[in-house]
Amino acid sequence: MGAAGTVTGSAYVLALDGHEILVDCGVFQGEVDAAERNAQAPVPDPSELGAVVLTHGHLDHVGRLPLLSRGGFAGPIFGHPATLAIAEIVLRDALKISQFAGAGVYSTDDVEATLALFQPVAYEARRAIPGGARLTLFDAGHILGSSSALVEAAGGSILFSGDLGRRQTPILRDPNTAYPASTSVDHVVIESTYGDRLHPTGITSRERLREVLRRALDDGGKVLVPAFSIGRTQELIAHLRELYATGDFTGVPVVVDGPMGLDVTALYERHRDCYDAEAAALLRGGDGPLSFGELYGARGRQASERVRDITGPAIVIAGSGMCTGGRILGYLEEFLPDARTDVLFVGYQARGTMGRRLLEGADAVTIEGRSVNVRARVTELGGFSAHADRDGLLAWLRKVPGPPRGVFVGHGEPSAAAAFAERVGAELEITATVAEEGVRYELW
Ligand code: ZN
């Protein structure tokens, strides 16, 4: 019911013996009819749903949940504890996004009613769910708490990949590939965001970040990093911590600006059970992957103004990642006209966003109705992605025990999904179907 032929709006319905389980309930983003679609729950009558399973807390996986409560759903919403904590931050924040609040799509009461249905499920703890089935979550390595969800029912089993992360990123473990001995999976639903592409190899993103920062800070200007608050901000902090440990940037403050980035960073610090071996070792040494001497947070607007008054170099990480709103705008307005400023993009910039205009070399941009000249240097730093590439997806799929009889490919642009389905067929000799929206498949 979403994320078919596109990467947003994730929502799958699994019908088991008269019980319907919804896996994810996300919003559509960036499509022409997104606002209209986001005003509707993914199922006609939410009160008939048996349960909801969440793979992770990103808006495009949880953003339509309050429409379920509004539509009479009162069953359990299962997710990893960190996923539920992120979802809470995301849903409260969604109330401020005009697309939801402005259109009156859902209210604070709907959000509160949704949060009351949350039921935490730890990784690899089998949990009974409606339909006589059992649910097990496995670490998907995408963001904190991210999960692949295995549903084992009387007639068969199905594994939803969720969004799969990359191997060897800071803080988080790699996507799970080790299943309990008894596990046998009949069907897999897999994402395909990068199903037709490989991430660049060679020089690491951390080394590139070091080079770009060195050059950027040479002239004493500010470095502005527009970044998503969930995942990317924490990954950047972890990379910067390593770079600062070498002494190269001693004394240059790093500021994370905005309550959402700070709240999610605090969550990452609380859920240490999700850390990989390297991050856990840092903790044992009395250190953590998300703190270092020069790191500061600016929560309130006044704090933000004080950061803008810093004379000399500083690195500022603030949302939104595509400069479509958020605290980054104040910094851009003040520092874009200064030729010593560097704007560093570490994420995808969609068409129509200010981020994209800056990347394309705009001489001026409009911020809060004012025209701002651009003299800053704008750089795109590739190599940061929270998604596995084609080979990463294939490697994950190879380790799914069974082997599965069928694979459904979703969460990808049509070309990426089709190319990946073809690969799965050719390399794994498993029938792969590109999932289509609104189509029902008989599994067992
Ligand atoms: Zn995601």
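One numbering rule holds for all chains: residues counted from 1, following each sequence as written. Per-residue local features of the predicted model are confined to residues with pLDDT of at least 70, and side-chain atom pairs are confined, for both listing and counting, to 80 or more; whole-chain, interface and lining totals are unaffected and use all residues. Side-chain measures here rest on the full set of heavy atoms in the structure, leaving out hydrogens and waters.

Q: Can you tell me about empty space enclosed by the protein, naming the residues and giving the values?
A: Both site types are read off a 1 Å grid over the protein atoms alone. A 1.4 Å probe that fits but cannot get out defines a cavity, while an open set with protein on both sides within 12 Å along at least five of seven lines defines a pocket; lining residues have an atom within 4 Å of a point. Grid points are joined across faces, edges and corners, and a volume is the space filled by probe spheres set on the points. This structure, assessed with the given rule, holds two cavities of 30 Å³ or more. Under the scheme used here, helices are H or I runs from DSSP no shorter than 4 residues and strands are E runs no shorter than 2 residues, and both carry numbers assigned from the N terminus. In terms of residue count, strand 10 (residues 187-191) provides more of the lining of the largest cavity than any other element does, three residues in total. Residues are grouped as follows: nonpolar covers Ala, Val, Leu, Ile, Met, Phe, Trp, Tyr, Cys and Pro; charged covers Asp, Glu, Lys and Arg; every other residue, Gly included, is treated as polar. Tallied by class, the residues present in the lining of the largest cavity amount to five nonpolar, six polar and three charged. Approximately 40 Å³ is the volume found for the second largest cavity. Around the second largest cavity, the lining residues are Leu209, Leu213, Val225, Leu236, Leu240, Ile315, Ile317 and Leu344. Secondary structure elements with two or more residues in the lining of the second largest cavity: helix 7 (205-217), helix 8 (232-245) and strand 14 (314-318). Looking at side-chain class alone, the lining of the second largest cavity contains eight nonpolar, no polar and no charged residues.

Q: So what about the packing of aromatic side chains? Which residues, and what values?
A: Only Phe, Tyr and Trp rings take part, Trp by its six-membered ring, and two of them pair if their centres are within 6.5 Å. Stacked means planes under 30 degrees apart, edge-to-face means over 60, and tilted covers everything else. Scanning the entire structure with this criterion turns up five aromatic pairs. Consider the rings of Phe408 and Tyr441, whose centres lie 4.8 Å apart with planes at 50 degrees: the pair is tilted. With Phe408 in strand 19 (residues 406-410) and Tyr441 in the segment after strand 20 (431-434), this pair connects stretches of sequence that are 33 residues apart. One aromatic cluster is present, formed by Tyr244, Phe249 and Phe292 through successive ring pairs. Over the face of the ring belonging to Tyr331 we find Arg308, whose NZ or CZ atom lies 5.7 Å from the ring centre. Cation placement over rings: the criterion is NZ of Lys or CZ of Arg within 6 Å of the ring centroid and within 35° of the ring normal.

Q: So what's going on with unusual backbone geometry? Residues and values would help.
A: A cis amide bond, omega 0 degrees, links Gly319 with the succeeding residue Ser320. The topology assignment puts Ser320 in the loop between strand 14 and helix 12 (328-335). Pro403 follows Gly402 through a cis peptide bond whose omega is -10 degrees. When you line up the elements, Pro403 lands in the loop between helix 14 (390-398) and strand 19. Of note, Glu368 is a non-glycine position whose phi angle comes to about 50 degrees, a positive value. Structurally, the position occupied by Glu368 is in the loop between strand 16 (364-367) and strand 17 (370-373). Partly exposed residues are those whose accessible area sits between 20% and 50% of the maximum for their type, while under 20% is buried and over 50% is exposed, using a 1.4 Å probe and protein chains only. Since its relative accessible area comes to 59%, Glu368 is described here as exposed.

Q: Would you mind going over the nonpolar core in detail, with residue names and values included?
A: Counting 91 residues, the largest nonpolar core has Val52, Leu65, Leu213, Leu240 and Ile315 as its most contacted members. Of the residues forming this core, the biggest block, eight residues, is contributed by helix 4 (residues 81-94). Throughout, the edges of the domains are those of an automatic or database domain assignment. Residues lining this core come from more than one domain, with at least three contributed by each of domain 1 (12-197 + 386-434) and domain 2 (205-384). When near neighbours in sequence (up to four residues on either side) are disregarded, Leu240 contacts Leu209, Leu213, Val254, Phe292, Ile315 and Ile317. The nonpolar core is taken to be a set of buried Ala, Val, Leu, Ile, Met, Phe, Trp, Tyr and Cys residues, with the residues joined through side-chain atoms within 4.5 Å. Only heavy atoms matter for contacts: two residues are in contact if any of them lie within 4.5 Å across the pair.

Q: Got a sec to walk through the pattern of salt bridges? Specific residues and values, please.
A: Basic side-chain nitrogens of Lys or Arg form a salt bridge, by our definition, when they fall within 4 Å of a carboxyl oxygen of Asp or Glu. Taken as a whole and assessed by the stated rule, the structure comprises 26 salt bridges. A salt bridge links Arg215 to Asp342, with the shortest nitrogen-to-oxygen separation between them at 3.8 Å. On the criterion of sequence distance, the pair formed by Arg215 in helix 7 and Asp342 in strand 15 (residues 342-345) is long-range, its members being 127 residues apart. Through salt bridges with shared partners, one network takes in Arg206, Arg241, Glu242 and Asp287.

Q: Please give an account of the layout of surface pockets that cites residues and values.
A: The calculated volume of the second largest pocket comes to roughly 1000 Å³. Lining the second largest pocket we find 41 residues, and of these Arg166, Arg167, Gln168, Thr169 and Pro170 sit closest to its centre. Of all the elements in the fold, those that place two or more residues in the lining of the second largest pocket are helix 7, helix 8, helix 10 (277-284) and helix 14. Each of domain 1 (12-197 + 386-434) and domain 2 (205-384) gives at least three residues to the lining of the second largest pocket.

Q: How would you summarise the sheet that holds strand 3 (residues 49-53) if you had to cite specific residues and measurements?
A: The pairing criterion is simple: DSSP has to find at least two bridges between the two strands. Reading across from one edge, 1-2-3-4-5 is the order of the five strands in this open sheet, with mixed pairing throughout. Lying at the two open borders of the sheet, with one neighbouring strand each, are strand 1 (12-16) and strand 5 (118-120). On average, each strand axis in the sheet is inclined to that of its neighbour by 25 degrees, with strand direction left out of account. Helix axes are fitted to C-alpha atoms over the stretch in contact, other axes to C-alpha atoms as well, and angles between N-to-C directions run from 0 to 180 degrees.

Q: Tell me about the coordination of the zinc ion, and please be specific about residues and values.
A: For the zinc ion, the protein coordination sphere consists of His56 (NE2), His58 (ND1), His142 (NE2) and Asp163 (OD), at 2.2 to 2.4 Å. Seen from the zinc ion, its four donor atoms lie at angles of 90 to 173 degrees, and the figure they make is irregular. The motif formed by the donor residues of the zinc ion, counted along the single chain, is H-x1-H-x83-H-x20-D. Taken together, the positions of His142 in the loop between strand 7 (133-139) and strand 8 (147-152) and Asp163 in the loop between strand 9 (157-160) and strand 10 put the pair 21 residues apart, joining distant regions of the chain. Here the coordinating atoms are restricted to nitrogen, oxygen and sulfur within 2.8 Å of the metal centre, or 3.2 Å for Na, K and Ca, and because water is not among them the sites may look incomplete. Every angle between 85 and 135 degrees makes a four-donor site tetrahedral, while opposite donors more than 155 degrees apart, with all other angles between 65 and 115, make a four-donor site square planar and a six-donor site octahedral; other sites are irregular.

Q: Can you lay out the side chain of Asp24 for me, pointing to particular residues and giving the numbers?
A: Its place among the elements puts Asp24 in the loop between strand 2 (19-23) and helix 1 (34-38). Neither His nor the chain ends is counted toward charge; the positive residues are Lys and Arg and the negative residues Asp and Glu. There is no salt bridge for the buried Asp24, and the closest opposite charge comes from Arg64, which lies 10 Å off by N-O distance. We define a polar contact as two N or O atoms separated by no more than 3.5 Å, with the added condition that, inside protein, one atom must be a possible hydrogen donor and the other a possible acceptor, whereas residues neighbouring each other in sequence contribute only through side-chain atom pairs. A polar side-chain atom of Asp24 sits 2.7 Å from a polar atom in the side chain of Thr55. Within polar-contact distance, the side chain of Asp24 engages the side chain of His61 at 2.8 Å.

Q: Help me get a handle on the sheet that holds strand 14, residues and values and all.
A: An order of 13-12-14-11-15-18 is seen for the six strands of this open sheet, with the pairing classed as parallel. The open sheet has two free edges, formed respectively by strand 13 (295-298) and strand 18 (377-380), since each of these has just one partner strand. Across the sheet, the mean angle separating the axes of adjacent strands is 20 degrees when strand polarity is ignored. Inspection of the sheet shows strand 15 paired to strand 18 by four bridges, in the parallel sense.

Q: If you had to explain the packing of helix 8 against helix 9 (residues 259-270) to someone new, which residues and values would you point to?
A: Interhelical geometry of helix 8 versus helix 9 gives an angle of 70 degrees and a closest axis separation of 9 Å. Considered as vectors, helix 8 and helix 9 are oriented roughly perpendicular to each other. The chirality of how helix 8 crosses helix 9 is right-handed. Packed against helix 8, whose contacting residues are Thr233, Gln234 and Ile237, the element helix 9 presents Gly261, Val264, Thr265 and Tyr268 at the interface. When its residues are assigned to classes, the contact of helix 8 with helix 9 shows three nonpolar, four polar and no charged. When describing relative orientation, an angle under 35 degrees is termed roughly parallel and one over 145 degrees roughly antiparallel, while 65 to 115 degrees is termed roughly perpendicular and anything else oblique. In this scheme the crossing of two helices becomes right-handed for a clockwise turn of the near helix relative to the far one and left-handed for an anticlockwise turn of less than a right angle.

These results come straight from atomic positions and should not be treated as a statement about function.
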